[in-house]
Amino acid sequence: MWCVASWTVWGLFKFMSQLADLGIVMAPEFLVPFKEDHVTLELQPKDGDRKGAFAFVRYTATCPQCQGRVLLHDGGEEFKDRIVGRCGNSPREHVFSFDQKLHIGHSMRG
């Protein structure tokens, strides 16, 4: 029982460690409203008098290859520990990197 509880807690809050290290993660489903998806959780740094803060952000773009809508996704096994943009029209082929500071990306498929 203790192992199951520990594994569950670790699984739910593993993202906090990644957020502290990387500054951005895909928001866990239990923190996002039911009808929202493809939302990132960002740790915004302290800026002058403004305190650092958490922010839920949803990025979208237009696919440069087919004009479809690109949304952010977890990179999964293929792009481990990365957040990638995937086109809704061709999510396997139209995959893009994502730079959280510059808000740009490049094709990850040759």
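Relevant structure appears above.
Residues numbered from 1 in each chain as written. Predicted model: local features only at pLDDT ≥ 70, side-chain atom pairs only at ≥ 80, totals over all residues. Heavy atoms only, no water.

Draft legend 1. Up close: the overall build of the protein. A count of helices and strands for the protein gives one helix and seven strands. Element order for the protein, N to C, with α for helix and β for strand: α-β-β-β-β-β-β-β. By principal-axis analysis of the C-alpha atoms, the protein measures approximately 50 × 45 × 30 Å. At a minimum sequence separation of 6, the contacts of the protein that also span at least 24 residues come to 24%. (Helix = DSSP H or I, 4+ residues; strand = E, 2+ residues; numbered from the N terminus. Contact = heavy atoms within 4.5 Å.)

Draft legend 2. How the structure looks around the nonpolar core. Membership of the largest hydrophobic core is limited to eight residues, which are Ile24, Met26, Ala55, Val57, Tyr59, Leu72, Ile83 and Phe98. At the level of secondary structure, the elements contributing two or more residues to this core comprise strand 1 (24-26) and strand 3 (53-57). Core analysis: the second largest hydrophobic core is formed by seven residues, Leu19, Ala27, Val32 and Leu41 among them. (Core = buried A, V, L, I, M, F, W, Y, C linked by side-chain atoms within 4.5 Å. Buried < 20%, exposed > 50% of the residue type's maximum accessible area, 1.4 Å probe, protein only.)

Draft legend 3. Structural context of the packing of aromatic side chains. Overall, the coordinates contain one aromatic pair when judged by the stated rule. Ring centres of Tyr59 and Phe98 lie 5.0 Å apart, and the angle between their planes is 50 degrees; on these two criteria the pair is classed as tilted. Placement of Tyr59 in the loop between strand 3 and strand 4 (60-62) and of Phe98 in the segment after strand 7 (95-96) is noted, with a sequence separation of 39 residues between them. For the pair formed by Tyr59 and Phe98, the shared burial category is buried. (Phe/Tyr/Trp six-rings, centres within 6.5 Å; stacked < 30°, edge-to-face > 60°.)

Draft legend 4. Structural detail: helix 1 (residues 2-22). Taking 1.5 Å of rise per residue, 21 residues should cover 30 Å, and helix 1 covers 30 Å from first to last C-alpha, within 8% of that figure. Of the residues trailing helix 1, Gly23 is marked for its positive phi of about 85 degrees. (Expected span 1.5 Å × (residues − 1).)

Draft legend 5. Seen up close, the sheet that holds strand 7. Strand order across the open sheet formed by four strands is 4-5-6-7, with antiparallel pairing between neighbours. Lying at the two open borders of the sheet, with one neighbouring strand each, are strand 4 and strand 7. The pairing of strand 6 (residues 83-87) with strand 7 spans two bridges and is classified as antiparallel. Paired with Arg86 across the two strands is Val95, which belongs to strand 7. (Pairing = 2+ DSSP bridges.)

Draft legend 6. Up close: the sheet that holds strand 3. One open sheet accounts for three strands, arranged 1-2-3; its pairing is antiparallel. Of all the strands in the sheet, the pair left with one neighbour each is strand 1 and strand 3. The sheet shows a mean angle of 20 degrees between the axes of neighbouring strands, taken without regard to direction. Pairing of strand 1 with strand 2 (residues 40-44) involves three bridges; the strand directions are antiparallel. Within strand 2, the position partnered with Val25 by the bridge is Leu41. (Axes fitted to C-alpha atoms, helices over the stretch in contact; angles between N-to-C directions.)

Draft legend 7. View of the side chain of Thr40. Structurally, the position occupied by Thr40 is in strand 2. A residue is classified by how much of its surface remains accessible, and Thr40, at 0% relative accessible area, is buried. With residues up to four places along the chain from it excluded, the contact list for Thr40 reads Ile24, Val25, Met26, Ala27, Ala55, Phe56, Val57, Tyr59 and Leu72.

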